Amino acid sequence: MQPQRALEILSRAREQNALVCAYPSSYSSKFSAGWVEAVSSEGVVLRSLTPNGRPDGWLWRPYDQIARLDMGGLYEERLAFLAQMREARWKEGFLPAITPEADLVWELFVASQKHDLAVHIDIGSDEPIQGFVQDVTAEWVTLDKIAFSGRFDGQATISTEDIEKILIEEQDLQDLQMLARRHGRGAGQWR
């Protein structure tokens, strides 16, 4: 999707507090759904929902990874209703006020680091990278990786240019965060 067109649609959805579904390709049945948290000239951050209307953290996607946007349909109406009935909530003040010129990727990583939340980074390979942000610039991010058991698994430095998707506080990540804390994350020492 052309960035300017996506920015227009998503800005309107944010103003109207309308739920959107973002598809990565026009022939895919997989999509992400949620309310627009922030938009920039490069991409969007959604307050993501599971298919049954439960909060599923935040999702960042660049516009070149969005082929289709749905808004105002019966599915979006159903999902918004389920979220409302479940009183879906996300952390207040997670992201600061964002301008369209802001670097959303950098802002997300800084917010994740500040709140000590695990992130999931998809760079288009079969294996996403999951961990806690240790250092971030506009060009790269360094994570303390989390193994499936919740243990420290070394560090990974990733070029921000290669990132296709970022998830924060998604349900599986919440489990990893709990396991990491069990193994000393946040206590200054991993076991």
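Our structure's up above, just so we're on the same page.
These numbers were taken from a predicted model, which means no experiment stands behind them.

### Concerning helix 4 (residues 171–182)
The end-to-end C-alpha distance of helix 4, which contains 12 residues, comes to 17 Å, matching closely the 16 Å that a straight helix rising 1.5 Å per residue would cover. When we look at burial in helix 4, the residues that qualify are Leu173, Leu176, Gln177 and Ala180. Take helix 4 and look down its axis: the buried residues cluster within an arc of 105°, on one side only. The exposed set on the far side of helix 4, more than 90 degrees from its buried face, consists of Met178 and Arg182. Looking at the buried positions of helix 4, the neighbouring elements they touch are strand 6 (118–122), strand 7 (129–136), strand 8 (140–146) and strand 10 (165–168).

### Digging into the sheet that holds strand 3 (residues 43–49)
On the basis of which strands lie adjacent, the open sheet formed by 10 strands has the order 5-1-2-3-4-10-6-7-8-9 and antiparallel pairing. Two strands in the sheet have a free side with no partner beyond their single neighbour: strand 5 (68–71) and strand 9 (152–159). Between one strand axis and the next, the sheet turns through 40° on average, direction left out of account. Relative to strand 5, strand 1 (residues 19–23) runs antiparallel, the two being bridged by four bridges. The residue of strand 5 that forms the bridge with tyrosine 23 is arginine 68. Across the sheet, helix 3 (residues 104–114) is in contact with strand 2 (32–39), strand 3, strand 4 (55–62), strand 6, strand 7, strand 8 and strand 10; its angle to strand 7 comes to roughly 95°.

### Regarding the side chain of serine 32
Relative to the helices and strands, serine 32 is located in strand 2. Its relative accessible area of 12% is what places serine 32 among the buried residues. Not counting chain neighbours up to four residues away, the residues in contact with serine 32 comprise Val20, Cys21, Ala22, Leu46, Leu59 and Arg61.

### Notes on the packing of aromatic side chains
Counted under the stated rule, the structure contains four aromatic pairs. Between phenylalanine 31 and tyrosine 75 the ring centres are 5.5 Å apart and the planes differ by 90°, which places this aromatic pair in the edge-to-face class. Of the two residues, phenylalanine 31 sits in the loop between strand 1 and strand 2 while tyrosine 75 sits in helix 2 (residues 74–85), which places them 44 residues apart along the sequence. Residue phenylalanine 31 is classed as partly exposed on the basis of its relative accessible area, which comes to 30%. Its relative accessible area of 30% is what places tyrosine 75 among the partly exposed residues. Of the aromatic side chains, those joined through ring pairs into one cluster are Tyr23, Phe31 and Tyr75. Residue placement shows arginine 68 over the ring face of tyrosine 23; its charged tip is 3.9 Å from the ring centre. Arginine 185 extends its terminal NZ or CZ atom over the ring of phenylalanine 132, reaching a point 4.1 Å from the ring centre.

What counts, and at which threshold
Residues numbered from 1 in each chain as written. Predicted model: local features only at pLDDT ≥ 70, side-chain atom pairs only at ≥ 80, totals over all residues. Heavy atoms only, no water. Helix = DSSP H or I, 4+ residues; strand = E, 2+ residues; numbered from the N terminus. Expected span 1.5 Å × (residues − 1). Buried < 20%, exposed > 50% of the residue type's maximum accessible area, 1.4 Å probe, protein only. Arc of directions from axis to C-beta. Contact = heavy atoms within 4.5 Å. Pairing = 2+ DSSP bridges. Axes fitted to C-alpha atoms, helices over the stretch in contact; angles between N-to-C directions. Phe/Tyr/Trp six-rings, centres within 6.5 Å; stacked < 30°, edge-to-face > 60°. Lys NZ or Arg CZ within 6 Å of the ring centre and 35° of its normal.

Such coordinate-based values are descriptive only and should not be taken to indicate function.
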